[in-house]
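Here is what each chain is made of, one letter per residue.
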Amino acid sequence: MSNALKASLLATACAVLVACSNGATDNSTSETIGVTDAALSAAVSNPETWLTYGGDYKEQRHSRLSGITKDNIADMGVAWTYDLSTGRGVESTPIIHDGIMYVTGAWSIVHALDAKTGEEIWTYDPEVSGEDAVKGCCDVVNRGVAIYDGKVYLGVFDGRLEALDAKTGDVVWSKVTVDQSLPYTITMAPRIVKGKVIIGNSGGELGVRGYVSAYDAKTGDMDWRFYTVPNPKKEADGAASDPIMAELVNDTWGDTGGWVTDGGGGTAWDSIVFDEENDQILVGVGNGSPWNAKVRDPQSKGDNLFLSSILALDADTGTYKWHFQTTPRDQWDFTATQSIILADLPLGENGADLRVVMQAPKNGFFYVLDAATGEYISGNNFVPMNWATGLDENGRPIEAANARQTDGEPIPIFPGPLGAHNWHPMAYSPKEQLAYIPAQMIPQLYQDMQEEPDPDAYWNIGYNLSAGLPTEYPAGTLDFFRGMNQGWLVAWDPIKQEARWTVKQDGPWNGGVLSLDTGIVLQGQREGALAAYDAANGDKLWSTNVKAGALSGMSTYEIDGEQYMTITTGWGSAYALSASYGYTSPVPPQVGRVVTFKVGGTDTIPDAMEVAIEPTPKSDNFGTSAQVKAGLENYSTNCLVCHGPFAVSAGVLPDLRWSYATADKNEWTDILVNGALSENGMVSFKEQLSPDAMESIRAYVMAQGHMAVSNGEAGGPAGN
Ligand code: CA
């Protein structure tokens, strides 16, 4: 890269361093396998189970079990492990009820396990087509199931919502919730609200229109749907969102641009929370599509509701109650889909408890809102940032002067599109009154597209995906890029709006947090460390290595008087695919796994698989420098988000630099034109790439391989 660019990035990096119990008595399997509304409502008072994605309706991920303590945590060991039998990313929070664990792996495959022993009871594979992998922005992950009334509810990657018999795994009903001709996917855990299954979807990077839907849990009939962005003709949809679209939302968008053809985004892809006290459903809404607001909506300067907002909908009808937009007219992929946590804080009149909504979305600000009205109470930045200088009295970001100036040289913006906080679940301890945020910073260079967008391109964000990426770079560059990416566990006081303590982690993209009533918080890390910290001050109490990525939300439960703590592990997910510049420990590739701990556990975690990769290019360099330059641009637009920047793989997908396919024009063409590997997710790109463009990518990748060898960095960026 140019010295000027490197200096500017370095300057950037330097600037940055700095209830009550009312039932749920478990007495017989056949009766209690039917989780009831009362049981869900009382989940926090029955901590031997883990009934919902976030642990209870407030999604605090705080357990009242008392079996794991500061005194005995040093004796924590592995109780059992279970292989999920897939590679790729794993993001699932296990659900536990009545001695059974329901857990998902990659490709939306569900496993029911004996929660005490890990023994398999049944497995259900929805048989997602490998070709659908290309519809995912962020790997073929799944974050878990919901259970209710004798059924297990599963959002399938290809857009299905399915109800399974909890005892057998047999399909009870299956509904397609999306237009499967469009790049919709589902990775989130469904939520149960008053007899309905609530589900959203993903696809904001590829071009879809977001919405959330409610299905009858018994029959699978759709009850209501709420769109988060306008109908492309600003017409009624016959949906619960119609009145508010006409009244408020349509006028915040122009009438032309990428949103009209590509849906506008606003996908609700992760956080949906039932606020019982206010009888409403809170929905975290995603980024705009395309990201670049000038491309998405060139006519207006409107806020583009409800992008990057928290939405409150009536729990029965799905109609609008209130919204709070965290990033008006988003153009940096600043989703507000991150963990929404409900709590009762002494912020009411005369210090009375007030039901609040807390969120730490991608944009880097922590928000506290009045749950009844959506009114902004307070906010502050929980990471360093350069896109905004603060929040005004209404909680609206005060944008930095140059934050939208993407029409010149690439500008570095942080937190960046992977966010100050992503899907990794935040936790909250009502005892400490602290939120525990898996925080990070991964800067991004934003620059407008330099040429007309290809309407056939899968990714569609309105920015130059090769911005700032050189065709050649000196040794150490990948380490430099990796060093700019940072991660912290932040214990945030939502009343004072400041960190009480912070633990700096070994890089970004770390795991979800579990909070224990005994004063302990637990968090995994990207490359396998899993640690327990003192909830009050962050002192490390215990750590182990789970030998694979430990990113998921953990859960905890009790059987026969013993407390268990469980996490799903694996290697993959958005960061590994698209932003890690390889990896630093020899962890990938890994089969997904459930790892369950208890005090006194003596089992062991199988070692990482040995993989023989010969880190050498399999042919000579070829092609002109112009061809290699064209290859960089074509690679960045079509290949980078899965195969990695600079063609450096993080081990989830093959490293193209060392591939025999890259060396052989015929094999390369067979894969790219004929889709020879489409069952693995590598579909044909013949609509996107001309034969010349395909050959330019091959020349670029081969050049990257030879450069890595001459830089002494072959075999992975750590030089191993
Ligand atoms: Ca996004």
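What comes next is a walk through the structure. (Residues numbered from 1 in each chain as written. Predicted model: local features only at pLDDT ≥ 70, side-chain atom pairs only at ≥ 80, totals over all residues. Heavy atoms only, no water.)

**Comments concerning the overall build of the chain**
The condition is simple: What counts as a helix is a DSSP run of H or I of at least four residues, what counts as a strand is a run of E of at least two, and both are numbered from the N terminus. Each radius of gyration is computed over the set of C-alpha atoms, and the globule rule expresses the reference value as 2.2 Å times the number of residues to the power 0.38. Buried residues are those whose accessible area, probed at 1.4 Å on protein chains only, stays under 20% of the maximum for their type, while exposed residues exceed 50% and partly exposed ones sit between those limits.
Of the regular secondary structure elements, the chain holds 13 helices and 39 strands. Expected size for 720 residues packed as a compact globule is a radius of gyration near 27 Å; at 24 Å, the chain falls within 12% of this value. With the C-alpha coordinates aligned to their principal axes, the bounding extent of the chain is approximately 75 × 60 × 50 Å. Out of the 720 residues belonging to the chain, those deemed buried represent 64%.

**Describing the coordination of the calcium ion**
Let me state the cut-off plainly: As a rule, N, O and S atoms within 2.8 Å of a metal are its donors, except that Na, K and Ca use 3.2 Å; water is not among the atoms, so sites may look incomplete.
At this site the calcium ion is bound by E205 (OE), E205 (OE), N287 (OD1), D333 (OD) and D333 (OD), with donor distances of 2.3 to 3.2 Å. Counting the intervening residues between successive donors of the calcium ion yields the motif E-x81-N-x45-D. Placement of E205 in the loop between β12 (196–199) and β13 (211–216) and of D333 in the loop between β20 (320–325) and β21 (340–345) is noted, with a sequence separation of 128 residues between them.

**Re the environment of D270**
For clarity, the threshold we go by: Pairs of residues are marked as contacts when any of their non-hydrogen atoms sit within 4.5 Å. Under the rule applied, a polar contact is a pair of N or O atoms within 3.5 Å (in protein, one hydrogen donor and one hydrogen acceptor; residues adjacent in sequence only if both atoms are side-chain atoms).
Within the fold, D270 resides in the loop between β15 (264–265) and β16 (272–275). For the pair D270 and A336, spaced 66 residues apart in the sequence, the C-alpha separation amounts to 9.4 Å. Those residues within four positions of D270 in sequence are excluded, and the remaining contacts are Y53, R143, M188, R191, T337 and W423. Among the polar contacts made by the side chain of D270, one reaches the side chain of R143 at a distance of 2.7 Å.

**Quick word on the state of the cysteines**
The following threshold applies: Disulfide assignment relies on a single distance test, namely cysteine sulfur atoms paired within 2.5 Å.
For the coordinates displayed, the defined rule picks out one disulfide. Each sulfur in the disulfide pair C137 and C138 lies 2.2 Å from the other. Judged by the sign of its S-S torsion, about -105 degrees, the cystine formed by C137 and C138 is left-handed. Residue C137 is classed as partly exposed on the basis of its relative accessible area, which comes to 22%. By relative accessible area, C138 is classed as partly exposed at 25%. Lacking any disulfide linkage, C639 is separated from the closest cysteine sulfur, that of C642, by 9.0 Å. Its relative accessible area of 28% is what places C642 among the partly exposed residues.

**What to know about unusual backbone geometry**
Trans is the prevailing form of peptide bonds, just as negative phi is the prevailing case for residues other than glycine. Looking along the chain, the bond that leaves S289 and enters P290 is cis, with omega of -10 degrees. In this fold, P290 is placed in the loop between β18 (288–289) and α6 (293–296). With an omega of 25 degrees, the peptide bond between F414 and P415 qualifies as cis. Relative to the assigned elements, P415 resides in the loop between β27 (411–413) and β28 (427–429). Although it is not a glycine, E127 adopts a positive phi angle of roughly 55 degrees. Positive phi outside glycine occurs at K194, with the angle close to 50 degrees. Using a relative accessible area of 34% as the deciding quantity, one classes K194 as partly exposed.

**Topic: the pairing of strand β22 (residues 354–359)**
Formally: Following DSSP output, two strands are said to pair if at least two bridges run between them.
Counting buried positions along β22 gives six out of six residues, so the element sits mostly inside the fold. In this structure, β21 lies alongside β22, joined through six bridges in antiparallel fashion. Considered in β22, the bridge of A343 is made with V356. When β22 meets strand β23 (residues 365–370), the two strands line up antiparallel, connected through four bridges. Paired with Q359 across the strands is Y367, a residue of β23. Linking β22 back to β23 in an antiparallel pair, the connection comprises five residues, with G364 at a positive phi of about 95 degrees.

**Thoughts on the sheet that holds strand β4 (residues 100–104)**
Put simply, the rule reads: For helices, the fitted axis covers only the stretch in contact; all axes are lines through C-alpha atoms, and the angles between them, taken along N-to-C directions, range from 0 to 180 degrees.
Read from one edge of the open sheet, four strands run β3-β4-β5-β6, paired in antiparallel fashion. For this open sheet the edge positions go to β3 (95–97) and β6 (120–124), each flanked by a neighbour on one side alone. Adjacent strand axes in the sheet meet at a mean angle of 15 degrees when their direction is disregarded. By the bridge criterion, four bridges tie strand β5 (residues 110–114) to β6 in an arrangement that is antiparallel. Across the sheet, H111 pairs through a bridge with T123, a residue of β6.

**Quick look at the packing of aromatic side chains**
Where we set the bar: Planes of paired rings set the category: under 30 degrees apart is stacked, over 60 is edge-to-face and the rest tilted, where pairs are Phe, Tyr or Trp rings (Trp by its six-membered ring) whose centres lie within 6.5 Å. In this scheme, the term charge over a ring applies when either NZ of a lysine or CZ of an arginine sits within 6 Å of the ring centre and within 35 degrees of the ring normal.
Tallying each qualifying case throughout the model produces 30 aromatic pairs. Taking the centre distance of 4.9 Å and the plane angle of 85 degrees together, the rings of Y57 and F274 count as edge-to-face. One end of the pair, Y57, is in the loop between α3 (37–41) and β1 (62–63); the other, F274, is in strand β16, and 217 residues separate them in sequence. Note on Y57: relative accessible area 9%, which makes it buried. Put simply, the rings of F324, W332, F334, F365, Y367, Y376 and W387 touch in pairs and so form one group of aromatic residues. For the cation-ring pair, R61 lies above Y53, with the distance from its terminal atom to the ring centre recorded as 4.5 Å. The ring of Y227 carries the charged tip of R209 above its face, separated from the ring centre by 3.8 Å.

**Focus on the sheet that holds strand β38 (residues 562–569)**
Across the sheet, four strands lie side by side as β2-β39-β38-β37; this open sheet has antiparallel pairing. Pairing within the sheet leaves two strands with one partner each, and these edge strands are β2 (76–83) and β37 (555–559). Shown here is a sheet whose adjacent strand axes are inclined to one another by a mean of 30 degrees, direction ignored. Two strands pair when backbone bridges link them, and β37 and β38 are joined in this way by five bridges, in the antiparallel orientation. Residue I559 lies in a different strand from β38, and its bridge partner there is E562.

**Some thoughts on the pairing of strand β34 (residues 520–524)**
Across the five residues that make up β34, a large majority, five, are buried. Of the two faces of β34, the one holding I520, L522 and G524 and the one holding V521 and Q523 are both buried throughout. Relative to β34, strand β33 (residues 513–516) runs antiparallel, the two sharing four bridges. Counted as the bridge partner of L516 is I520 from β34. Turn length for the β33-β34 hairpin, with the two strands adjacent in sequence and antiparallel, is three residues, and the turn residue G519 shows positive phi of about 90 degrees. Of the strand pairs in this sheet, β34 and strand β35 (residues 529–534) are connected by five bridges, and their pairing is antiparallel. Among the inter-strand pairings, Q523 is bridged to a residue of β35, identified as A531. The turn joining β34 and β35, which pair antiparallel and follow one another in sequence, is formed by four residues; a positive phi near 115 degrees is taken by G528.

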